[in-house]
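# Structural description and commentary
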Amino acid sequence: MSIHSRFPNRSTTGTRTKRALGVQQVLEWAFRMEKARLELPGPPDPERSEGLGFGLEYMLMQRAALGCRIDGGRYKPDSSTHQDAEVIAACVAGLPTSLGGLRMAIRIAELARAGMTPDWMPGAVPRCVPIEMKRNQHGERAITIPVGTTRVLSRGKWRTVELRACPVTFSPHPDQIAAARRHYEHWWLALGWVRDGLIAGGMLRSIEVTEVMPRREPWASPSSREQIGNKTV
């Protein structure tokens, strides 16, 4: 399947045709196909009041009025980046600090450009494994370390023997899995903000952004989600 086949057309009333796309498809179209780039804001003006701000709709209208130029032309010398793609990139660049700000905006753009979602470590299950292994002519063995001594009665004599143990760890560590899934959730929330802003702004000429979102918790089984919804867990 080609990348273009992922973006279906949808006819609307009148002569204009709009494509109905979910926010993840919208982002992939803008950053992967149209090669849009983030329009990063300049350094803050210390003379401006910290409490002064504008809504997303106002920001989109102002950037659209200015042309909202995003450096994408060098990828397509015979044409410029689609205006809708520039508006989408401007919206992503405006992510609030509470949702990750510029760091998250860059992450969203990188993932969209690659056609990927954050790695939430699907199928990862912590397993107890030796910290270190060694291999010799007899095969592979876990490394052990001395942890003390004890006295045992052997052949009528008391002998001191060394006690050894195998250090273990969990791989992947539960904290790694939890962190990966937190990052996915943060990305999902940021996508929701972008989706709502594009819908509310109404600035896109050829695309209709739908309510469709990626799964919020793809690692949760259907039965688990149903139980959570019914508050039976």
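Quantities reported herein were computed from a predicted structural model and do not represent experimental measurements. (Residues numbered from 1 in each chain as written. Predicted model: local features only at pLDDT ≥ 70, side-chain atom pairs only at ≥ 80, totals over all residues. Heavy atoms only, no water.)

Taken as a whole, this structure holds three aromatic pairs when the rule is applied. Taken together, a centroid distance of 5.3 Å and an interplanar angle of 50° make the contact between Y184 and W187 tilted. Placement of both Y184 and W187 in helix α5 (residues 174-201) is noted, with a separation of three residues, approximately one turn of the helix. With 5.6 Å between their ring centres and 80° between their planes, Y184 and W219 make a pair best called edge-to-face. Note that Y184 is positioned in helix α5 and W219 in the loop between β9 (207-209) and α6 (222-230), a separation of 35 residues in sequence. Given the relative accessible area of 4%, Y184 is considered buried. Residue W219 is classed as partly exposed on the basis of its relative accessible area of 24%. (Phe/Tyr/Trp six-rings, centres within 6.5 Å; stacked < 30°, edge-to-face > 60°. Helix = DSSP H or I, 4+ residues; strand = E, 2+ residues; numbered from the N terminus. Buried < 20%, exposed > 50% of the residue type's maximum accessible area, 1.4 Å probe, protein only.)

Moving on, we get to the environment of V125. Along the polypeptide, V125 turns up in the loop between α4 (101-114) and β3 (127-130). Accessibility expressed as a relative area gives 41% for V125, which makes it partly exposed. Between the C-alpha atoms of V125 and H173, which are 48 residues apart in sequence, the distance is 8.6 Å. When residues no more than four places from it in sequence are discounted, the contact partners of V125 are S171, P172 and I177. (Contact = heavy atoms within 4.5 Å.)

Before going further, it helps to spend a moment on α5. Over its 28 residues, α5 runs 41 Å from end to end, which matches the ideal 40 Å to within 8%, given 1.5 Å per residue. Looking at the residues trailing α5, positive phi occurs at G202, about 60°. (Expected span 1.5 Å × (residues − 1).)

Taking 1.5 Å as the rise per residue, α4 with 14 residues should run 20 Å; its terminal C-alpha atoms sit 20 Å apart, in good agreement. What α4 keeps buried is the set G101, M104, A105, I108, A109, L111 and A112. Projected down its long axis, α4 carries its buried residues within an arc of 165°, all on one side. Elements that come into contact with the buried residues of α4 comprise α1 (23-33), α3 (83-93) and α5. Looking one or two residues beyond α4, the residue adopting positive phi is G115, at roughly 65°. (Arc of directions from axis to C-beta.)

A few words now on the pairing of strand β7 (residues 157-165). Remark: a regular strand shows side chains that alternate across the two faces of the sheet. Pairing of strand β6 (residues 145-154) with β7 involves nine bridges; the strand directions are antiparallel. Looking across to β7, one finds that I145 is bridged to A165. The hairpin formed by β6 and β7 contains two residues between the paired strands, and R155 there has a positive phi angle of roughly 55°. (Pairing = 2+ DSSP bridges.)

Take the nonpolar core next. Residues L27, F31, I88, V92, I108, W187 and V194 are the most contacted members of the largest nonpolar core, which totals 36 residues. Residue contacts for F31: discarding those within four places in its chain leaves A36, L38, A89, V92, A109, A112 and R113. (Core = buried A, V, L, I, M, F, W, Y, C linked by side-chain atoms within 4.5 Å.)

With that settled, consider a nonpolar patch on the surface. There is a patch of nonpolar side chains on the surface, built from I145, V147 and L163 and spanning about 240 Å² of accessible area. By the element assignment, V147 lies in strand β6. (Patch = residues over 30% accessible without salt bridge, like charges linked within 9 Å, V, L, I, M, F, W, Y side chains within 5 Å. Areas by Shrake-Rupley, 256 points an atom, 1.4 Å probe, with all protein chains shown as cover. Salt bridge = Lys/Arg side-chain N within 4 Å of Asp/Glu carboxyl O.)

A word on empty space enclosed by the protein. According to the stated counting rule, one finds one cavity of 30 Å³ or more in the structure shown. Within this model, the largest cavity holds a volume of roughly 50 Å³. Lining the largest cavity we find Q24, L27, E28, I108, L111, A112, M116, W187 and L191. Of all the secondary structure elements, the ones that give two or more residues to the lining of the largest cavity are α1, α4 and α5. Considered class by class, the residues forming the lining of the largest cavity number seven nonpolar, one polar and one charged. (1 Å grid on protein atoms, 1.4 Å probe; cavity = no way out; pocket = protein on both sides within 12 Å on 5 of 7 lines; lining within 4 Å. Points joined across faces, edges and corners; volume = space filled by probe spheres on them. Nonpolar A, V, L, I, M, F, W, Y, C, P; charged D, E, K, R; others polar.)

For the structure shown, the criterion picks out four salt bridges. Its salt-bridge partner being R135, residue E140 comes within 3.7 Å of it at the nearest N-O pair. A salt bridge links R195 to D196; its shortest N-O distance comes to 3.0 Å. We classify D196 as partly exposed; its relative accessible area is 40%. Linked by salt bridges that have partners in common, R195, D196 and E211 make up one network.

Moving on, we come to the environment of A85. Structurally, A85 is set in helix α3. Along the primary structure A85 and A36 are separated by 49 residues, whereas in three dimensions their C-alpha atoms are 6.1 Å apart. Among residues more than four places away in sequence, those in contact with A85 are W29, A30, E34 and A36.

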